[in-house]
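Below are the chains, spelled out letter by letter.
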Amino acid sequence: MTAHATDRAGTTTLAARPADAARPAEAARPADAGRPADPDERLRRWRLVFGGDAADGTGCGLVGQDAAMDGALTALYGKGDKPQSGRDRSAGLGASAPSVARWLGDIRTYFPSSVVQVMQRDAIDRLGLSTLLLEPEMLAAVEADVHLVGTLLSLNKAMPDTTRETARAVVRKVVEDLEKRLATRTRATLTGALDRSARITRPRHHDIDWNRTIAANLQHYLPEYRTIVPERLIGYGRASQSVKKEVVLCIDQSGSMAASVVYASVFGAVLASMRSLATRLVVFDTAVVDLTDQLDDPVDVLFGTQLGGGTDINRALAYCQSQITRPADTVVVLISDLYEGGIRDEMLKRVAAMKASGVQFVTLLALSDEGAPAYDREHAAALAALGAPAFACTPDLFPEVMAAAIEKRPLPIPDTA
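What comes next concerns the included structure. Nothing here was measured: the structure is a model prediction, and the numbers come from that model.

Now for the overall build of the chain. Helix and strand counts for the chain stand at 14 helices and twelve strands. The burial tally for the chain puts 46% of its 417 residues in the buried class. Long-range contacts, defined here as pairs at least 24 residues apart, represent 72% of the contacts in the chain between residues at least 6 apart. Total accessible area on the chain is roughly 19,800 Å²; 52% of this is exposed by carbon and sulfur atoms.

In structure tokens, the structure reads:
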């Protein structure tokens, strides 16, 4: 929903408040599900959504905690610094780290975590509070999420030593939460894919792949017995200590790819922990940096990136191509919005050459929960024509995409229609 606000010049603008902002943290529970809405409660919520402008039409006043909630919302989504009469308050957080830290504490008190994260993001974008994140007391007050990590990484080079350890602690908490959410399912999915991709011709009975065995022996069908004689058995390989597949994650570290960099670093660490995979992680802008030796700690990987700058996909792919030793057993994952600053035709030739050599090439426009970003549609179409369709991928879908690439079957491209 949106709330009308008036700027200093008196013009009417729209200031978006989070859709759930009318709910305090304790109200997030579905205790009233199915009950008729109380008229006064409806007015109260509309009042919180609209922000108390004289023209909001609710005629509803706020007291106590509701007034405090409204104050926190008005500071971010309200009327600039212009004083208002009556119940309206002046807005804005100012440039004071202590006042922002108090505001962060207030919103964590009054709103559920998901709303807090949205409000923090809006505060950074709307009020330009990025530099205040360099204050340790600020970092101690924030609700950590992927987007905050992306902001911290963009400030990495400007971060004073007094803040760096606090920032690493914030990033580590987010990374550990993501690993808990993603690691088990990723390992299980890819272990199954690796076993299925390692076909053997003399399997034990419980290792027989019956679908492939039947398909390979259809010519031996005996109609009088209504059965197939399986002259050639095809079975699954079993997990071993040897490397079965190689994975190269090639990640665009331009500013728009911040969330993708965070998720890709976590997945890189998970893949590197699997003995059957040899995983390489490469980040690039106009330069190329190989962070493979830091994959045991995704926090080190993240602080080794440098968000922002230009983009040279061709140079990055040239480096990745030079590292491939077993093309038929290699999966290259390019994560980029495809805005190429390098040589476009050379980039496409490299992709075509890798695919011709047997490399499984995957192009992800984003690896995040937010869908496809703005991207170069011409380059995406050119890659699709080469058999490497570009699409946005959520973290939950990524294990399935990797499993399909390992098994050399069609990728589970989400329907975005």
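Backbone phi values are negative for most residues with the exception of glycine, while trans is the configuration of most peptide bonds. Here Leu338, not a glycine, exhibits a phi torsion of approximately 70°, which is positive. Tracing the backbone through its elements, the reader meets Leu338 in the loop between strand E10 (330-335) and helix H12 (344-356). Phi at Lys408 takes a positive value of approximately 60°, unusual for a residue other than glycine. Looking at where Lys408 falls in the secondary structure, it is placed in the segment after helix H14 (398-407). Overall, the relative accessible area of 44% leaves Lys408 in the partly exposed class.

Time to look at empty space enclosed by the protein. In total, this model carries two cavities of 30 Å³ or more according to the counting rule given. Of the voids in this model, the largest cavity is the one considered here, and its volume is about 60 Å³. Lining the largest cavity are eleven residues, and of these Leu104, Gln120, Ile124, Leu133 and Met138 lie nearest its centre. Of all the elements in the fold, those that place two or more residues in the lining of the largest cavity are helix H3 (97-110) and helix H4 (113-127).

Moving on to the nonpolar core. By size, the foremost hydrophobic cluster in this structure holds 82 residues, and its most contacted members are Trp103, Phe111, Met119, Leu133, Leu152, Val333 and Phe398. The leading source of residues in this core is helix H7 (residues 161-197), at ten residues. Non-local contacts of Leu133, meaning those with residues more than four positions away in its chain, are made with Ile124, Met138, Leu139, Val142, Leu148, Thr151, Leu152, Leu155 and Thr163. Judged by nonpolar contacts, the second largest core, of 24 residues, contains Val282, Val332, Val351 and Leu383.

Now for the pairing of strand E8 (residues 277-284). Of all eight residues in E8, six are buried, a share of seventy percent or more. Alignment of strand E7 (residues 245-252) against E8, held across eight bridges, turns out to be parallel. By the bridge assignment, Asp252 is partnered in E8 with Phe284. Tracing the backbone out of E7, into helix H9 (residues 258-272) and back to the parallel element E8 gives a crossover that is right-handed. In this structure, E8 lies alongside strand E9 (residues 288-290), joined through three bridges in antiparallel fashion. Residue pairing across strands places Val282 opposite Asp290, the latter belonging to E9. Here E8 hands over to E9 after three residues, the two strands then running antiparallel side by side.

Moving on, we come to the pairing of E10. For E10, the buried fraction is high: six of the six residues fall into the buried class. Here E10 shows no split at all, with Thr330, Val332 and Leu334 on one side and Val331, Val333 and Ile335 on the other all buried. Pairing between E7 and E10: six bridges, direction parallel. By the bridge assignment, Glu246 is partnered in E10 with Thr330. Bridging between E10 and strand E11 (residues 360-367) involves five bridges; their strand directions are parallel. Across the sheet, residue Val332 finds its bridge partner in E11, namely Phe361. You can see the chain leave E10, run along H12 and come back into E11, and the turn it takes is right-handed.

Basis of the calculations
Residues numbered from 1 in each chain as written. Predicted model: local features only at pLDDT ≥ 70, side-chain atom pairs only at ≥ 80, totals over all residues. Heavy atoms only, no water. Helix = DSSP H or I, 4+ residues; strand = E, 2+ residues; numbered from the N terminus. Buried < 20%, exposed > 50% of the residue type's maximum accessible area, 1.4 Å probe, protein only. Contact = heavy atoms within 4.5 Å. Areas by Shrake-Rupley, 256 points an atom, 1.4 Å probe, with all protein chains shown as cover. 1 Å grid on protein atoms, 1.4 Å probe; cavity = no way out; pocket = protein on both sides within 12 Å on 5 of 7 lines; lining within 4 Å. Points joined across faces, edges and corners; volume = space filled by probe spheres on them. Core = buried A, V, L, I, M, F, W, Y, C linked by side-chain atoms within 4.5 Å. Pairing = 2+ DSSP bridges. Right-handed = clockwise from strand over helix to strand, strands pointing away.

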